[in-house]
Amino acid sequence: MAAAAGGDSDGDSEELVLTPAQLIHSLEQAWLNEKFAPELLESKPEVIECVVEQLDHMEANLKRGKRGDLKVSVHHMEIERIRYVLSSYLRCRLVKIEKFFPHILEKEKSRAEGEPSILSPEEFAFAKEYMANTEAYLKNVALKHMPPNLQKVSLLKSVPKPNLDSFVFLRVLERQENILVEPETDEQREYAINLEEGSQHLIRYRTVAPLVASGAVQLI
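Residues numbered from 1 in each chain as written. Predicted model: local features only at pLDDT ≥ 70, side-chain atom pairs only at ≥ 80, totals over all residues. Heavy atoms only, no water.

With that settled, consider the overall build of the protein. When its secondary structure is counted, the protein shows 6 helices and 7 strands. Secondary structure elements of the protein occur, N-terminal to C-terminal, as β-β-α-α-α-α-α-β-β-β-β-α-β. For a compact globule of 220 residues, the expected C-alpha radius of gyration is about 17 Å, and the protein comes in at 22 Å, more than 25% above that figure. Put simply, the protein has 220 residues, and 31% of those count as buried. Computed over 27 positive and 36 negative side-chain charges, the inter-centroid distance for the protein is 8 Å. (Helix = DSSP H or I, 4+ residues; strand = E, 2+ residues; numbered from the N terminus. Rg over C-alpha atoms; globule rule 2.2 N^0.38 Å. Buried < 20%, exposed > 50% of the residue type's maximum accessible area, 1.4 Å probe, protein only. Lys, Arg positive; Asp, Glu negative; His and termini not counted. Charge placed at Lys NZ, Arg CZ, Asp CG, Glu CD.)

Per the counting criterion, the structure on display carries 3 aromatic pairs. Between the aromatic rings of F101 and Y130, the centroid separation amounts to 5.0 Å while the plane-to-plane angle is 75°, which identifies the pairing as edge-to-face. Of this pair, F101 sits in helix α3 (residues 70–109) while Y130 is found in helix α4 (residues 121–141), placing the two residues 29 residues apart along the sequence. One aromatic cluster is present, built from ring pairs that chain together F101, F126 and Y130. (Phe/Tyr/Trp six-rings, centres within 6.5 Å; stacked < 30°, edge-to-face > 60°.)

Turning to a negative patch on the surface, a few remarks are in order. Side chains of E42, E46, E49, E53, D56 and E115 sit close together on the surface and give a patch of like negative charge. Within the secondary structure, E53 sits in helix α2 (residues 45–63). Relative accessible area serves as the criterion here: at 48%, E53 is assigned to the partly exposed category. (Patch = residues over 30% accessible without salt bridge, like charges linked within 9 Å, V, L, I, M, F, W, Y side chains within 5 Å. Areas by Shrake-Rupley, 256 points an atom, 1.4 Å probe, with all protein chains shown as cover. Salt bridge = Lys/Arg side-chain N within 4 Å of Asp/Glu carboxyl O.)

Here we take up the packing of helix α1 (residues 20–36) against α3. Put simply, α1 and α3 touch, their axes get as near as 9 Å, and they point 35° apart. Note that α1 runs across α3; the crossing there is left-handed. Residues I24, L27, E28, A30, W31, E34 and K35 of α1 form the contact with α3, whose own contacting residues are R81, I82, Y84, V85, L86, S88, Y89, C92, R93 and K96. Class assignment of the residues belonging to the contact of α1 with α3 gives a composition of 10 nonpolar, 1 polar and 6 charged. (Axes fitted to C-alpha atoms, helices over the stretch in contact; angles between N-to-C directions. Left-handed = near helix turned anticlockwise from the far one by under 90°. Contact = heavy atoms within 4.5 Å. Nonpolar A, V, L, I, M, F, W, Y, C, P; charged D, E, K, R; others polar.)

We note that the domain assignment places domain 1 (20–161) and domain 2 (163–219) within the protein. Each of domain 1 and domain 2 has a C-alpha centre, and these two points are 25 Å apart. Each partner contributes to the roughly 810 Å² buried at the junction of domain 1 and domain 2, and carbon and sulfur atoms together form 52% of this total. By the criterion of area lost to domain 2, the three top residues of domain 1 are N33, P38 and E39, representing 52% of everything that side buries. Our count for the contact surface shared by domain 1 and domain 2 stands at 5 residue pairs in polar contact (both at pLDDT 80 or more). (Domains from an automatic or database assignment. Buried area = accessible area lost by both parts, 1.4 Å probe. Polar contact = N/O pair within 3.5 Å; in protein donor to acceptor, adjacent residues only side chain to side chain.)

Moving on to the nonpolar core. If you look at the biggest cluster of nonpolar residues, it comprises 18 residues, and the most contacted ones within it are L23, L27, V51, L55, I82, L86 and Y89. For this core, the secondary structure elements donating two or more residues are α1, α2 and α3. Counting residues per element, this core draws most heavily on α2, which supplies 7 residues. Residue contacts for I82: discarding those within four places in its chain leaves I24, L27, V51, L55 and M58. By size, the runner-up hydrophobic cluster in this structure holds 17 residues, among which are V168, V212, A216 and L219. (Core = buried A, V, L, I, M, F, W, Y, C linked by side-chain atoms within 4.5 Å.)

The feature "domain: GINS subunit" (unreviewed entry), as annotated in UniProt, sits at residues 70–141 in this numbering. For the annotated span residues 70–141, helix accounts for 85% and strand for 0% of the residues, and the straight-line distance between the end C-alpha atoms is 58 Å. (UniProt positions renumbered as here; feature names shortened; annotations may be inferred.)

Right, dumping it as structure tokens:
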């Protein structure tokens, strides 16, 4: 069993006990959502920590297995698969941080008290350092050689924002009713749809972003 911490409505932390299979499934869900969402999603440090502990436990069990045993080979392949998913998930998040760092840090700065952070402490430190290095590089390479009135640049204005109007494929995990869909043309009007459990859709990300965050839908 593995324990992942979660927040309740009063802000206190509580432990959610997951089986190893449920834990890996949670990691895979987070990985797919992060991979296909245009914006950086909320970090999952508890899941990551539990997966790393589970991998250490699995590797310890392998050392006690008999060499040449088919079960050992199968477990070794499963460990490598989980490591790939974990590294791909973390790498995907770092790519988004590098791509959208001014907007991510601005969102973090304006985050309301009690609202979960989209960055882990390590990612927050990385984003701040990346921004400082970018600003220093721009100043030393270009800005200091320009007229004084052009020596300031706003990274918030210069770096593109995540495109929340891009379209994503999703699978519905929990039935949803009266989801408002924005019109595609001026001739159309806003309309509501129901998302049936198990159905798949191609839809604008902005429309379903809250459902992705809540786990009601899975990006695919």
